[in-house]
Amino acid sequence: MTFDQQQTRPMNTAMSNAWHHSRRGRGHRHKEQGRPNRERAVEQKAEDSVPRGACLTMCPAYELRQREAQNRLHRFEMLAGTERDRLPCADVSRAVKEYSRPAAGKDSTRASDLRPPSVLLKTVCYLVDDIAASSTFQPWTEVYSFVSDRLRSVRQDMIIQRVSGPDCVAVLEKSVRFLLYASYRLCGQLLQYYDPRINDTHLQESLSWLLESYRDGKHRHQEEFQALSLLYNLGSTHALQHILELPERMRSSPAVQLAMAVNRAHSERNPVRLLRLAQRLDFIQVCAVHRHLLPCRRDLLLLYSHGHSSRNCRYPLQRLARLLSLKDPLAAELCRAYGVNVSGEWVSFSKSSFTEAPSADLQCRRTHEPVDDEQWNCPAGSVIHGCA
């Protein structure tokens, strides 16, 4: 091999390597540049595959015919005058799509069976104004059963269509207020009419979805529901951590500040301060916190039974009732339920007579009666729409 051939071969090899390297580099750059385009295409394809509702009524026509034929219409949905017929007719303006569990072989993504966001919001407003707030539909346990099922169907349609934005937030806000109101109004009902665990599950799911939806931007009632979430979940480290991660502007709002103060009193086992702060809560906030109030009042009586335990010590019932935020007769009943002696207008505490387990007659809903009745006479519609 000549000197020139020896020199040319390495040169050709170097040029060949450089050429291949250049091609790999260009290919790599094209690959990097093409990746976002492919990702966008995949996202666009996924978005295009999301079903879009085309049903403009509160109940799809196919379901309505099917439920009519199977005599599965709720009495709230029947056409006036046909209620006593063997197969009552449906009132299209009142029938609402019912919740159905996903089943194998059943297509739940047909556009004709899905309601678009605007129709879903209209449906929720109908359920609140014409059913939940109606004085003609009784008992309210049946109202709750109907509305909660139809709201669950609304959420199901939103999940299938991946609904987001203002309509989604508005639907979830009304759903949360309804479930909070129901937890207060139906507290103590028989399980066959109202199951607090099921209501709690639906409420927690709706709250979680709502708080996640707030991350998309500013919303008018955001501070209210951040506070309601903490009040409903007093003592929850997760709920408190969520509040602490909010922007300073939101954390400093009056509603959130009050909720944090209530949560602090609960964590410190300070029932006197908690009940005093609870007097500053509005109606829907009390609906959120009410399940914590009976244990709080029990803690206060236990604390006083130890701190004021004496044969010769008497405590004014009227003053104790103010601390408990109850009217005098109800405060006396609560004392007796926990073994605290009440004689006329005086209370005698004894740590030995305090009963940890209250009598079976004591129910949470019996302690709901407020000291000031006027601010509590709020129509259901005003409460659920956030106008109370």
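Draft legend 1. Seen up close, the overall build of the chain. In terms of helices and strands, the chain carries 16 helices and three strands. Out of the 388 residues in the chain, the part that is buried amounts to 45%. If you take every contact in the chain between residues at least 6 apart in sequence, the share linking residues at least 24 apart comes to 69%. Split by element, the accessible area of the chain, about 21,700 Å² in all, is 50% carbon and sulfur.

Draft legend 2. Structural context of the nonpolar core. Within the largest apolar cluster, 100 residues are counted, with the highest numbers of intra-cluster contacts made by Ile-131, Trp-140, Phe-178, Leu-180, Leu-301 and Leu-320. Setting aside residues no more than four positions away along its own chain, Leu-320 makes contact with Leu-300, Leu-301, Tyr-315, Cys-335, Val-347 and Phe-349. Counting six residues, the second-largest nonpolar core is a separate cluster that includes Leu-73, Met-78, Ala-90 and Ala-95.

Draft legend 3. Just helix H8 (residues 237-244), in detail. For H8, every residue scored as buried is listed here: Ala-239, His-242 and Ile-243. Viewed end-on, H8 has its buried residues packed into an arc of 100 degrees, placing them on one side of the element. Projecting away from the buried face of H8 at angles above 90 degrees are the exposed residues Thr-237 and His-238. Here the buried face of H8 lies against helix H6 (196-213), helix H7 (222-232), helix H9 (248-251) and helix H10 (254-267).

Draft legend 4. How the structure looks around the pattern of salt bridges. According to the stated counting rule, one finds 18 salt bridges in the structure shown. Notably, a salt bridge pairs Arg-75 with Glu-142, separated by 2.9 Å at the nearest N-O pair. One end of the pair, Arg-75, is in the loop between helix H2 (61-69) and helix H3 (117-132); the other, Glu-142, is in helix H4 (residues 140-161), with 67 residues separating them in the sequence. Its relative accessible area of 39% is what places Arg-75 among the partly exposed residues. With a closest N to O distance of 2.9 Å, Asp-157 and Lys-97 form a salt bridge. Of this pair, Asp-157 sits in helix H4 while Lys-97 is found in the loop between H2 and H3, placing the two residues 60 residues apart along the sequence. Salt bridges sharing partners connect three or more residues here, namely Glu-63, Arg-67, Arg-72, Glu-77, Glu-98, Asp-149 and Arg-150.

Draft legend 5. Looking closely at the side chain of Ser-183. Inspection of the secondary structure puts Ser-183 in helix H5 (residues 166-185). Each residue touching Ser-183, except ones within four places of it in the same chain, is listed here: Tyr-194, Asn-199, Cys-287 and His-290.

Draft legend 6. Spotlight on the packing of H10 against helix H11 (residues 271-278). Packing of H10 against H11 leaves a shortest axis separation of 8 Å and a crossing angle of 155 degrees. Relative to H11, H10 is oriented roughly antiparallel. Taken as a pair, H10 and H11 cross one another with a handedness that is left-handed. The residues of H11 that touch H10, namely those facing Leu-258, Ala-261, Val-262, Ala-265 and His-266, are Arg-273, Leu-274 and Leu-277. Each residue belonging to the contact of H10 with H11 can be placed in one class, and the counts come to six nonpolar, one polar and one charged.

Draft legend 7. The sheet that holds strand E1 (residues 315-316), seen in detail. Reading across from one edge, E1-E3-E2 is the order of the three strands in this open sheet, with antiparallel pairing throughout. A strand with exactly one partner marks an edge of an open sheet, and here the two such strands are E1 and strand E2 (341-343). The pairing of E1 with strand E3 (residues 346-348) spans two bridges and is classified as antiparallel. Note that in E3 the partner of Tyr-315 across the bridge is Val-347.

Draft legend 8. Broad picture of a positive patch on the surface. Residues Arg-264, Arg-273, Arg-276 and Arg-280 make up a contiguous surface patch of positive charge. Looking at where Arg-264 falls in the secondary structure, it is placed in helix H10. Under the relative-accessibility criterion, Arg-264 is labelled partly exposed at 42%.

Draft legend 9. Layout of the environment of Ser-213. Within the secondary structure, Ser-213 sits in helix H6. With 45 residues separating them in the primary sequence, Ser-213 and Cys-168 have C-alpha atoms 8.0 Å apart. The contacts of Ser-213, once residues within four sequence positions are left out, are Cys-168, Val-169, Leu-172 and His-219. Here the side chain of Ser-213 touches Trp-209 through a polar contact of 2.9 Å, landing on its backbone oxygen.

Draft legend 10. Focus on the environment of His-368. Residue placement: His-368 occurs in the loop between E3 and helix H16 (380-385). By relative accessible area, His-368 is classed as buried at 13%. Through-space distance from the C-alpha of His-368 to that of Cys-287 is 9.5 Å; in sequence the pair is 81 residues apart. Ignoring sequence-local partners within four residues, the contact set of His-368 consists of Tyr-184, Cys-187 and His-290.

Rules used throughout
The numbers attached to residues start from 1 for each chain and follow its sequence in the written order. Only residues with pLDDT of at least 70 get local features here, since the model is predicted, and only at 80 or more are side-chain atom pairs given and counted; chain-wide, interface and lining totals rely on the full set of residues. Excluding hydrogens and water, the side-chain figures rest on all heavy atoms present in the structure. Counting from the N terminus, the helices are DSSP H or I runs at least four residues long and the strands are E runs at least two residues long. Under the scheme applied here, a residue whose accessible area is under 20% of the maximum for its type counts as buried, over 50% as exposed, and between as partly exposed, the area being computed with a 1.4 Å probe on protein chains only. Only heavy atoms enter the contact rule, under which two residues are in contact if any of them lie within 4.5 Å. Here the open area of atoms and residues is found with the Shrake-Rupley method and a 1.4 Å probe, where only the protein chains shown may cover a residue. We define the nonpolar core as a collection of buried residues of types Ala, Val, Leu, Ile, Met, Phe, Trp, Tyr and Cys that are connected through side-chain atoms lying within 4.5 Å of one another. Starting at the helix axis, one direction is taken to each C-beta atom, and the arc is that of these directions. Salt bridges are defined as contacts in which a side-chain nitrogen from Lys or Arg sits within 4 Å of a carboxyl oxygen from Asp or Glu. Lines fitted to C-alpha atoms define the axes here, with helix axes fitted over just the stretch in contact, and angles between the N-to-C directions of these axes take values from 0 to 180 degrees. What sets the label is the angle itself: under 35 degrees gives roughly parallel, over 145 gives roughly antiparallel, 65 to 115 gives roughly perpendicular, and the rest give oblique. What makes a crossing left-handed is the near helix being turned counterclockwise from the far one by less than a right angle; a clockwise turn instead makes it right-handed. We call Asp, Glu, Lys and Arg charged. Ala, Val, Leu, Ile, Met, Phe, Trp, Tyr, Cys and Pro are nonpolar, and the rest, Gly among them, are polar. One bridge is not enough; two strands pair if DSSP finds at least two bridges between them. Each patch is built from residues lacking any salt bridge and having more than 30% relative accessible area; the joining distance is 9 Å for like charges and 5 Å for nonpolar side chains (Val, Leu, Ile, Met, Phe, Trp, Tyr). Note on charges: Lys and Arg go in the positive column, Asp and Glu in the negative column, and His and the chain ends are not counted at all. By convention, the charge on Lys lies at NZ, on Arg at CZ, on Asp at CG and on Glu at CD. Throughout this description, a polar contact denotes any pair of N or O atoms lying within 3.5 Å of each other; where both atoms belong to protein, one of them has to be capable of donating a hydrogen while the other can accept it, and for residues adjacent in sequence the pair is counted only when both atoms sit in side chains.

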